[in-house]
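Letter by letter, the chains look like this.
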Amino acid sequence: MLIVEPANPLDPAPSALLAQAQALQAETYAPENNHALPTEALTAPDIRFFAAREGDTVLGVGALAIRDGYGEVKAMFTSDAARGKGVGAALLRMIEDTAREEKLPVLHLETGEELAAAVRLYERQGFKRSGAFGDYEDDGISLFMTKVLD
């Protein structure tokens, strides 16, 4: 059974997945276009970090960054073995539920067209393409998406 729960990004299994995500981003994007948070930053008080697991095996991670008036989806990544098994959707549900509990009216995220599977997941979960938000600038590389929470 898949369980999504709060987790510590510094624990070995989530940290290993985050390292894989950061390596993928580093090989896909130039440093100035890479907006991944360092693992340590995911322990900040304004971050809610989650892991999805089956038994003791962590299959995916994701985070909600609480911003002024909105939430931002951060650090979404699933292991290769977990792709296509609903792990990403389950993490997004937890992030959305947490954003609602935090009284945030909208979620934003930044990704890239090169991460086509992620873009498809976000679109299936109701995210729409939008403009830049927060401190982001439209650099022609980033893809911005938004979901209004009800």
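Trainee: Give me the packing of aromatic side chains: which residues, what numbers.
Mentor: Scanning all chains against the criterion turns up five aromatic pairs. Cluster of aromatic residues (ring-pair linked, three or more members): Tyr70, Phe133, Tyr136 and Phe144.

Trainee: So, a negative patch on the surface: which residues are in play, and what are the values?
Mentor: On the surface, a cluster of negative charge is made up of Glu32, Glu137, Asp138 and Asp139. Mapped onto the secondary structure, Glu137 falls in the loop between strand S6 (128-130) and strand S7 (142-148).

Trainee: Go over helix H1 (residues 12-28), please, and point to the residues and values.
Mentor: In an α-helix, one turn spans 3.6 residues, which is why side chains three or four residues apart end up on the same side. A rise of 1.5 Å per residue sets the reference length of H1, with its 17 residues, at 24 Å; its end C-alpha atoms lie 24 Å apart and thus fit the reference within 8%. Residues of H1 that are buried include every one of Pro14, Leu17, Leu18 and Ala21, and no others. Looking down the long axis of H1, one finds its buried residues gathered within 100° of arc, a one-sided arrangement. The exposed residues of H1 that point more than 90 degrees off its buried face are Pro12 and Glu27. Lining the buried residues of H1 we find strand S2 (47-54), strand S3 (57-67) and strand S4 (70-78).

Trainee: Residue-level account of the sheet that holds S3, with values.
Mentor: Pairing is mixed in the open sheet, where seven strands are placed in the order S1-S2-S3-S4-S5-S7-S6. Each edge of the sheet is formed by a strand with only one pairing partner; in this case those strands are strand S1 (2-6) and S6. Ignoring which end each strand starts from, the neighbouring axes of this sheet average 30° apart. Pairing of S6 with S7, which is carried by three bridges, proceeds in the antiparallel orientation. Within S7, the position partnered with Ser130 by the bridge is Phe144. Running over the sheet, helix H2 (residues 87-101) touches S1, S2, S3, S4, strand S5 (106-112) and S7 and is turned about 30° from S3. In the packing of helix H3 (residues 116-124) onto the sheet, the strands contacted are S4, S5, S6 and S7, and the crossing angle to S5 comes to about 160°.

Trainee: Give me the side chain of Ser142: which residues, what numbers.
Mentor: For Ser142, the location among the structural elements is in strand S7. Among the polar contacts made by the side chain of Ser142, one reaches the side chain of Glu110 at a distance of 2.7 Å. When neighbours within four sequence positions are excluded, Ser142 is seen to be in contact with His35, Glu110 and Thr111.

Trainee: Tell me about the environment of Leu37, residues and numbers included.
Mentor: Within the element layout of this structure, Leu37 appears in the loop between H1 and S2. The sequence separation of Leu37 and Lys147 amounts to 110 residues, and the corresponding C-alpha distance is 21 Å. Those residues in contact with Leu37 that lie beyond four places of it in its chain are Gln22, Leu42, Ile47 and Lys74.

Trainee: So what about the environment of Ala99? Which residues, and what values?
Mentor: Summarising the element assignment, Ala99 is placed in helix H2. Owing to a relative accessible area of 0%, Ala99 belongs among the buried residues under this scheme. Spatially, the C-alpha atoms of Ala99 and Ser130 are 19 Å apart, while their sequence positions differ by 31 residues. Setting aside chain neighbours within four positions, we find Ala99 in contact with Leu64, Leu104, Leu107 and Leu149.

Trainee: Got a sec to walk through unusual backbone geometry? Specific residues and values, please.
Mentor: You will see that Ala75, though not glycine, has its phi angle at about 60°, which is positive. Structurally, Ala75 can be placed in strand S4. Using a relative accessible area of 27% as the deciding quantity, one classes Ala75 as partly exposed. If you check the backbone angles, Lys103 has positive phi at about 65° while not being a glycine. Mapping Lys103 onto the fold places it in the loop between H2 and S5.

Thresholds, definitions, all that
- Residues numbered from 1 in each chain as written.
- Predicted model: local features only at pLDDT ≥ 70, side-chain atom pairs only at ≥ 80, totals over all residues.
- Heavy atoms only, no water.
- Phe/Tyr/Trp six-rings, centres within 6.5 Å; stacked < 30°, edge-to-face > 60°.
- Patch = residues over 30% accessible without salt bridge, like charges linked within 9 Å, V, L, I, M, F, W, Y side chains within 5 Å.
- Areas by Shrake-Rupley, 256 points an atom, 1.4 Å probe, with all protein chains shown as cover.
- Salt bridge = Lys/Arg side-chain N within 4 Å of Asp/Glu carboxyl O.
- Lys, Arg positive; Asp, Glu negative; His and termini not counted.
- Charge placed at Lys NZ, Arg CZ, Asp CG, Glu CD.
- Helix = DSSP H or I, 4+ residues; strand = E, 2+ residues; numbered from the N terminus.
- Expected span 1.5 Å × (residues − 1).
- Buried < 20%, exposed > 50% of the residue type's maximum accessible area, 1.4 Å probe, protein only.
- Arc of directions from axis to C-beta.
- Contact = heavy atoms within 4.5 Å.
- Pairing = 2+ DSSP bridges.
- Axes fitted to C-alpha atoms, helices over the stretch in contact; angles between N-to-C directions.
- Polar contact = N/O pair within 3.5 Å; in protein donor to acceptor, adjacent residues only side chain to side chain.

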